[in-house]
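Survey of secondary and tertiary structure
If you want the building blocks of each chain, they are given just below.
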Amino acid sequence: MTNGCNKLDVYDWLSQMDLPANYKPFNIIEVRFKGSRKEFFVNQDNLYLEMGELVAVESSTGGYDLGHVSLTGELVRLQLKKNRVNEDSVAKKVYRKATHADFDKWQLAKDLEWETMHQARTFALELGLSMKISDVDFQGDKTKATFYYTAEGRVDFRELIKKMAETFRIRIEMRQIGMRQEASRLGGIGSCGRELCCSTWLTEFKTVSTSAARYQNLSLNTLKLAGQCGKLKCCLNYELDSYMDALKDIPNNVEKLETVKGPAYLQKTDIFKRLMWFAYPRDENWVPLHIEQVKEIQILNKEGKKPEDLKVMMADILPKEMSVEYDYENVVGQDSLTRLDETKKKKRSTNRNKQRPKKTTSSNTKQEEKSVNRPLPKEKTKKPTAETKIKAETTPDGEKKVQKRNKRRFNPKNRKASEQNKKENG
């Protein structure tokens, strides 16, 4: 059960219609179980049942099973015809509506499914069986369990059934399913971001081949073309018919076109634009041509004639087909490919004292008039250079300063204090 489109849900479009007075309701109902399993049962006691109601029905191996009513009335008759089932062949009965005791027992059985599946997997690994147990379905009365598994070939699981019967104390049925049935039972999210088609609405699995990808000009990459089941995706068949209709007008056997310049080989085909791209050897520029033009050149080649150059014929196509006009504007500015690259930071100029050129605008003239009345800034004192230091030391006052400084440097007390500081610091 999912919140999206569920293939088990059915819409009863006859529910709002008034039935005749002498009408006898159809006594067969459709019941759905876990997974995509649906079966038909006879309502002999003529119980009033509605869609979605939980009922106790007869099982194939004895006991009873619980399921939800999915369809009643005349629509069941149409469903029998669709599935090619005769009314007389339906023999299983509806026992009763499910009680609270039936529901509690059924809920306990469903809670055991996860643990039993993992225990069965460990048993299969211990016995060395090449099989994968994917799901377990308990019966409503908790007396039988059906194990669904996938395997490449036949598997001898007689010892596995003995082990499981001893541990679980129930009747066991092993049922082999395919990879696609396993994906439909388990469900999941596809590469498109939506729920899997096989687990939501797809009921029939059609064969999918790699030719479907070739007709649609898709790259034959198995990782991209395969789904979660490991097989080719079912959605490859959805648009195949439209591609097949479009390919009817496109010529098949076109590998190269003979021209005076040389042979031009086919590179790509745009099916819906009806364009075919050709390229000369050792030339990187591709030449697009219409399908009608390609057919004309084929006829000329059969007659032994060759056109001069394909680029002359391309000139008629480029202004029509190749020029694309977009009906939107780039407001955000995120269309550039280099928007995420690191912009190179400009180095700031170290000469800050350089005068900037003044702008001759009306607003700047007003600012200049105001700046005239302001006081001039004080001149900054320049740092003394080496020449100024020598001149200062040659003066008598400077010689006295140098002598005092040398006494401080060469004083033995100051030396010992500096050596102790050096030892302490490191």
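This text follows the structure it describes.
Residues numbered from 1 in each chain as written. Predicted model: local features only at pLDDT ≥ 70, side-chain atom pairs only at ≥ 80, totals over all residues. Heavy atoms only, no water.

Description of the sheet that holds strand S9 (residues 256–258)
Strand order across the open sheet formed by 4 strands is S9-S10-S11-S12, with antiparallel pairing between neighbours. Strands at the two margins of the open sheet, each flanked by one partner only, are S9 and strand S12 (287–290). On average, each strand axis in the sheet is tilted by 40 degrees relative to the strand beside it, whichever way the strands run. Bridging between S9 and strand S10 (residues 263–270) involves 3 bridges; their strand directions are antiparallel. Bridging across to S10, Lys256 finds its partner in Tyr265. Taken strand by strand, helix H10 (residues 291–302) contacts S9, strand S11 (275–279) and S12, and its axis lies near 90 degrees from that of S12. (Pairing = 2+ DSSP bridges. Helix = DSSP H or I, 4+ residues; strand = E, 2+ residues; numbered from the N terminus. Axes fitted to C-alpha atoms, helices over the stretch in contact; angles between N-to-C directions. Contact = heavy atoms within 4.5 Å.)

Quick notes on the environment of Tyr243
Examined against the element boundaries, Tyr243 turns out to sit in helix H9 (residues 240–246). Judged by its relative accessible area of 15%, Tyr243 is buried. Taking the C-alpha atoms as reference, Tyr243 lies 6.4 Å from Gln216; in sequence the two are 27 residues apart. In this structure, Tyr243 is in contact with Tyr215, Gln216, Ile271 and Phe272, ignoring residues within four places of it in sequence. (Buried < 20%, exposed > 50% of the residue type's maximum accessible area, 1.4 Å probe, protein only.)

Quick look at unusual backbone geometry
Glycine aside, residues mostly have negative phi angles, and peptide bonds mostly take the trans form. Residue Arg169 is not a glycine yet carries a positive backbone phi of 60 degrees. Overall, Arg169 belongs to the exposed group, its relative accessible area being 71%. Positioned with a positive phi, Arg274 is a non-glycine residue whose angle comes to about 60 degrees. With respect to the element layout, Arg274 can be found in the loop between S10 and S11. We classify Arg274 as partly exposed; its relative accessible area is 30%.

Some words on the side chain of Asp141
Following the sequence through the fold, Asp141 ends up in the loop between strand S6 (132–138) and strand S7 (144–150). Within the structure, Asp141 has its side chain in polar contact with the backbone nitrogen of Tyr64 (distance 3.3 Å). Among the polar contacts listed, one links the side chain of Asp141 to the side chain of Thr143, at a separation of 2.8 Å. Discounting chain neighbours no more than four positions away, the residues touching Asp141 are Gly62, Gly63, Tyr64 and Lys105. (Polar contact = N/O pair within 3.5 Å; in protein donor to acceptor, adjacent residues only side chain to side chain.)

Considering the pairing of strand S4 (residues 64–71)
Burial of S4 is extensive: 7 of the 8 residues sit out of reach of the surface. For strand S1 (residues 28–32) and S4, the ladder comprises 3 bridges, and the chain directions are antiparallel. Note that in S4 the partner of Val31 across the bridge is Val69. By the bridge criterion, 5 bridges tie strand S3 (residues 54–58) to S4 in an arrangement that is antiparallel. Across the sheet, the residue bridging to Val55 is Gly67, located in S4. Here S3 folds back onto S4, and the loop between the two strands holds 5 residues, one of which, Gly62, carries a positive phi near 95 degrees.

Re the nonpolar core
By size, the foremost hydrophobic cluster in this structure holds 22 residues, and its most contacted members are Met131, Phe147, Leu160, Met164 and Met174. Put simply, the parts of the chain that give this core at least two residues each are helix H3 (113–127), S6, S7, helix H4 (158–168) and strand S8 (171–176). Counting residues per element, this core draws most heavily on H3, at 4 residues. What Met164 contacts, discounting residues up to four positions off in sequence, is Ala120, Phe123, Phe147, Arg169, Ile172 and Met174. Grouped together as the second largest cluster of nonpolar side chains are 17 residues, Ala246, Val294, Ile297 and Met313 included. (Core = buried A, V, L, I, M, F, W, Y, C linked by side-chain atoms within 4.5 Å.)

Describing the sheet that holds strand S2 (residues 38–42)
Reading across from one edge, S2-S1-S4-S3-S5 is the order of the 5 strands in this open sheet, with antiparallel pairing throughout. Edge strands, defined here as strands with exactly one partner in the open sheet, are S2 and strand S5 (94–97). In this sheet, neighbouring strand axes are inclined to one another by 45 degrees on average, regardless of whether the strands run parallel or antiparallel. Each of S1, S2 and S4 is contacted by helix H1 (residues 74–82), which is oriented at about 75 degrees to S1, the strand it contacts most.

Here's the deal with the pattern of salt bridges
A complete count under the given rule lists 23 salt bridges for this structure. One salt bridge in this structure joins Arg96 and Asp102, with 3.1 Å as the shortest N-O distance. The class of Arg96 is partly exposed, set by a relative accessible area of 31%. As a salt-bridge pair, Lys256 and Glu258 come within 3.5 Å of each other at their nearest N and O atoms. (Salt bridge = Lys/Arg side-chain N within 4 Å of Asp/Glu carboxyl O.)

Description of the packing of aromatic side chains
Going through the model one piece at a time under the given rule, you end up with 6 aromatic pairs. Arranged with centres 5.7 Å apart and planes meeting at 70 degrees, the rings of Tyr149 and Phe157 form a pair that is edge-to-face. Classification of Tyr149 as buried rests on a relative accessible area of 4%. Seen in terms of ring centroids, Trp201 and Tyr238 are 6.1 Å apart; in terms of plane orientation they differ by 45 degrees. Their pairing is tilted. (Phe/Tyr/Trp six-rings, centres within 6.5 Å; stacked < 30°, edge-to-face > 60°.)

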